[in-house]
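Breakdown of the fold
Below, each chain spelled out in residue letters.
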Amino acid sequence: YTNLSSSVYHWEKGRHKYIPPTKTDKEGKKRKVRKMKKDNCIFCKIAAGQIPSATIYEDADFRVILDIEPASKGHALILPKEHYANLYEMPDELAAKVLVVAKQIITKMTDILGCDGYNVLQNNGEEAGQTVFHFHMHLIPRYKEDDVTITWKHGSVSEELKAEILTKMNDK
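On to the pairing of strand β7 (residues 76-80). In terms of burial, β7 is largely enclosed, as five of its five residues are buried. Bridge count for strand β6 (residues 62-66) against β7 is five bridges, and the pairing is antiparallel. When the bridges of β7 are listed, F62 appears paired with P80. Direction of pairing for β7 relative to strand β9 (residues 137-142): antiparallel, over a ladder of three bridges. Among the inter-strand pairings, I78 is bridged to a residue of β9, identified as M137.

Attention now goes to the nonpolar core. By size, the foremost hydrophobic cluster in this structure holds 20 residues, and its most contacted members are F62, I78, Y118, M137 and L139. Among the secondary structure elements, those contributing two or more residues to this core are β6, β7, α2 (92-113) and β9. It is α2 that contributes the most residues to this core, eight residues altogether. Within the second largest apolar cluster, eight residues are counted, among which are F43, C44, A47 and I65.

A word on the state of the cysteines. Scanning the entire structure with this criterion turns up zero disulfides. There is no disulfide at C44, and the cysteine sulfur nearest it, in C41, is 3.7 Å away.

For sheets, the rule is that strands pair by backbone hydrogen bonds, running either parallel or antiparallel. Pairing is antiparallel in the open sheet, where five strands are placed in the order β5-β6-β7-β9-β8. Because the sheet does not close on itself, it has two edges, and the strands there are β5 (55-58) and β8 (117-121). Here the strands of the sheet are splayed against their neighbours by 20° on average, with no regard to which way each runs. Against the sheet, α2 touches β5, β6, β7, β8 and β9, its axis set at about 35° to β6.

Let us look at α2. Counted at 1.5 Å a residue, the expected span for α2 with its 22 residues is 32 Å, and the 31 Å between its end C-alpha atoms agrees. Along α2, the residues classified as buried are L94, V98, V101, A102, I105, I106, M109 and L113. One side of α2 holds all its buried residues, which, seen down the axis, span an arc of 135°. Opposite the packed face of α2, turned more than 90 degrees from it, sit the exposed residues D92, E93, L99, K103, K108 and D111. If you follow the buried residues of α2, they end up packed against β5, β6, β7, β8 and β9. Positive backbone phi, at 70°, marks G114, one or two positions downstream of α2.

What counts, and at which threshold
Residues numbered from 1 in each chain as written. Predicted model: local features only at pLDDT ≥ 70, side-chain atom pairs only at ≥ 80, totals over all residues. Heavy atoms only, no water. Buried < 20%, exposed > 50% of the residue type's maximum accessible area, 1.4 Å probe, protein only. Helix = DSSP H or I, 4+ residues; strand = E, 2+ residues; numbered from the N terminus. Pairing = 2+ DSSP bridges. Core = buried A, V, L, I, M, F, W, Y, C linked by side-chain atoms within 4.5 Å. Disulfide = S-S within 2.5 Å. Axes fitted to C-alpha atoms, helices over the stretch in contact; angles between N-to-C directions. Contact = heavy atoms within 4.5 Å. Expected span 1.5 Å × (residues − 1). Arc of directions from axis to C-beta.

Structure below.
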């Protein structure tokens, strides 16, 4: 394979579209290349077992660890073993599987911890609060009278904006 292109994002009909990296094979056909691991990514190293962690679950695709700076007792992170900076980059099948893993973990952890609820949280991009640019999903146990805050100001949406969004979503 030759001509490795980098992955890019571009704006298409009002939405982000991820263009995966490609290689050109000997016949001149473009082939998708799966991102593996980034040498300088701490979550890649943790997911690969190169950095010790308190692993509570592991399969071929994911490692789930207890967060070293937890928002509450039992706060865990789901890390894919391959590097994806965010949800936009993940293959659909893996993105679907992460929610199945999340459900399994929070179901078991609810029994273990005796918590009263769970936040399942995932940030994409710096403006959304992402600080480590390797996809990860937070599983945050909630307890009565804990001091965890995940809030935003409730706004409103005009009929015009709703119509615009619905039109653009249906234009695909």
